[in-house]
Amino acid sequence: MNDLFEPLKSATTESVRAQIRSQSYRGHTAGLGGNTLQANLAILPELYALDFMRYCQRNPKPCPIVGVSDTGNPNMDTLGSDIDIRTDTPAYYIYRDGTHTDTVHDLSDLWRDDFVAFALGCSFTFEHALQQAKVPLWHIENDCTVPMFVTNIRTVKSGPFEGPMVVSMRAIPDARVDEVVEISRNFPLAHGGPVHWGDPAIIGIPDVSSPNWGDPAPVPDGTTPMFWACGVTPQAAIKNAKPSIAITHKPGHMLITDIADDAETPIYQSK
């Protein structure tokens, strides 16, 4: 268990990011940040940026763009006050030639003048609304990372970027499935409604007890496994594109922004 997780669940967004920036907190961000938008990350050399942006535009369900940095600028001013993409995510994956080689907690020594950072909406965003509706979320209640799976759903190719859609799974009480569909549809910047619920094999998942990322979560009798498009999808595409270097968030370890979770457009307005 993360010692800071419980107190951070009621902390302000600024306080959570401060703990992350200082590396006092390195855990998952599910349940943190209150009513704010969380974001997946993909950081690429400018050489790949246009093809990647097209990839996201062609696949808005798993890759809803909520922010793009200026080339070489690590500050994501459109997403909040004093957000530094190099330090404000709990953990980052480093990919070299499409292979995950390192996990780090600070990008200051790796940052380059040709990097472009993309922030993509995350389903953690609508979990606060589910909690307010008293929908049980096992991974938050047990301080775990939501399970994520590679599917047989193909994304639309752009340049060297292509691959399968990745989904996150939550087991929802049978009687509340329709309600959860409607709640999550209110958050299009965070993947919106689920892409599938019910038999996992239909979308190519052979065993829900063995996720590709995150922690295994039970699917008890009386619950339905529900699957949402996931912002880890670009990591599968990066493996195929094989850029010399690419950086993403560690799955489950998001950037917490200052954008309201129900915002129509993801542009931060200072108060």
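These numbers were taken from a predicted model, which means no experiment stands behind them. By convention here, each chain's residues receive numbers from 1 onward along its written sequence. Local features are withheld for residues below a pLDDT of 70 in this predicted model, meaning they are given only at 70 or higher, and side-chain atom pairs are given and counted only at 80 or more; totals for whole chains, interfaces and linings count all residues. Note: side-chain values were computed over all heavy atoms of the structure, leaving out hydrogens and water.

Peer 1: I would appreciate a short explanation of the overall build of the protein chain in the present structure.
Peer 2: Secondary structure is summarised from DSSP: a helix means a run of H or I of at least four residues, a strand means a run of E of at least two, and numbering begins at the N terminus for each. Helix and strand counts for the protein chain come out as seven helices and eleven strands. Scaling as 2.2 N^0.38, a compact globule of 271 residues should have a C-alpha radius of gyration of about 18 Å, and the protein chain matches this with 17 Å. Between buried and exposed lies partly exposed: a residue is buried under 20% and exposed over 50% of the maximum accessible area for its type, with that area taken using a 1.4 Å probe on protein chains only. Counting all 271 residues of the protein chain, 56% fall into the buried class. Any two residues whose heavy atoms approach within 4.5 Å are treated as being in contact. Partitioning the contacts of the protein chain with sequence separation of at least 6, the portion at a separation of at least 24 is 77%. By the counting scheme adopted, Arg and Lys are positive, Glu and Asp are negative, and His together with the chain ends is not counted. Charged groups are reduced to one reference atom each: NZ for lysine, CZ for arginine, CG for aspartic acid, CD for glutamic acid. The protein chain carries 20 positive and 32 negative side-chain charges, and their two centres are separated by 4 Å. Here the radius of gyration uses the C-alpha set of atoms, whereas the globule reference equals 2.2 Å times the residue count to the power 0.38.

Peer 1: Where do I start with the packing of aromatic side chains in this structure?
Peer 2: Here the distance between the centres and the angle between the planes together describe a pair of aromatic rings. Between rings of Phe, Tyr and Trp, where Trp is taken as its six-membered ring, a pair exists when centres lie within 6.5 Å; planes separated by under 30 degrees are stacked, by over 60 edge-to-face, and by other angles tilted. According to the stated counting rule, one finds ten aromatic pairs in the structure shown. Plain terms: the ring middles of Tyr48 and Phe161 are 6.4 Å apart, the flat faces sit at 80° to each other, and that makes the pair edge-to-face. Pair noted here: Tyr48 is in helix α3 (residues 46-58) and Phe161 is in the loop between β6 (148-154) and β7 (164-173), with a separation of 113 residues, a long-range link. The pair formed by Tyr48 and Phe161 is uniform in burial state, with each residue classed as buried. Ring geometry for Trp111 versus Phe115: centroids 5.4 Å apart, planes at 75°, classification edge-to-face. Residues Trp111 and Phe115 agree in their burial class; the two are buried. Members of the aromatic cluster, each reached through a chain of ring pairs, are Tyr48, Phe52, Tyr55, Phe118 and Phe161.

Peer 1: Help me understand the pattern of salt bridges in this model?
Peer 2: Close approach of charged atoms allows side chains of opposite charge to pair. Put simply, a salt bridge is a Lys or Arg side-chain nitrogen that is within 4 Å of an Asp or Glu carboxyl oxygen. Across all of its chains, the model carries ten salt bridges by this definition. The salt bridge involving Arg21 is made with Asp82; its shortest N-O contact spans 3.2 Å. Placement of the pair is Arg21 in helix α2 (residues 13-21) and Asp82 in the loop between β2 (65-68) and β3 (92-96), with a sequence separation of 61 residues. Exposure remark for Arg21: the relative accessible area of 30% places this residue in the partly exposed category. Classification of Asp82 by relative accessible area gives exposed; the value is 53%. Here Glu179 makes a salt bridge to Arg176, at a shortest N to O gap of 2.9 Å.

Peer 1: Before we go on, may I ask you to explain the pairing of strand β5 (residues 115-121) in this structure?
Peer 2: Along a regular strand, successive side chains alternate from one face of the sheet to the other. Counting buried positions over the seven residues of β5 gives seven, a clear majority of the element. Of the two faces of β5, the one holding Phe115, Ala117, Ala119 and Gly121 and the one holding Val116, Phe118 and Leu120 are both buried throughout. As paired elements, strand β1 (residues 36-45) and β5 share seven bridges and run antiparallel to each other. Across the sheet, residue Asn40 finds its bridge partner in β5, namely Leu120. Each pair of strands is called paired provided DSSP finds at least two bridges between the two strands. Examined bridge by bridge, β2 and β5 share three bridges and lie antiparallel to one another.

Peer 1: In this structure, what is going on with the pairing of β1? I would like to understand it.
Peer 2: Of all ten residues in β1, ten are buried; the element is thus mostly enclosed. In this structure, β1 lies alongside strand β11 (residues 255-260), joined through three bridges in antiparallel fashion. Bridge assignment links Thr36 to a residue of β11, and that residue is Ala260. The pairing of β1 with strand β10 (residues 246-249) spans two bridges and is classified as antiparallel.

Peer 1: Explain unusual backbone geometry to me, please; I cannot follow it from the model alone.
Peer 2: Positive phi values are uncommon outside glycine, yet Asp82 reaches one of about 60°. Non-glycine residue Asp97 carries a positive phi angle of around 55°. As for its position among the elements, Asp97 is in the loop between β3 and β4 (99-104).

Peer 1: Just checking my understanding: could you explain the nonpolar core for this structure?
Peer 2: Soluble globular proteins: nonpolar side chains tend toward being buried together. In these notes, a set of buried Ala, Val, Leu, Ile, Met, Phe, Trp, Tyr and Cys residues joined through side-chain atoms within 4.5 Å is what counts as a nonpolar core. Counting residues in each nonpolar core, the largest one holds 25 residues, and the members touching the most others are Leu130, Met148, Val180 and Met226. Taken together, the elements giving at least two residues each to this core come down to α4 (124-132), β7, α6 (177-185) and β9 (223-229). Residue contacts for Val180: discarding those within four places in its chain leaves Leu130, Val135, Ile172, Met226 and Trp228. Formed by 22 residues, the second largest nonpolar core is a distinct cluster that contains Leu37, Met76, Ile83 and Ile94.

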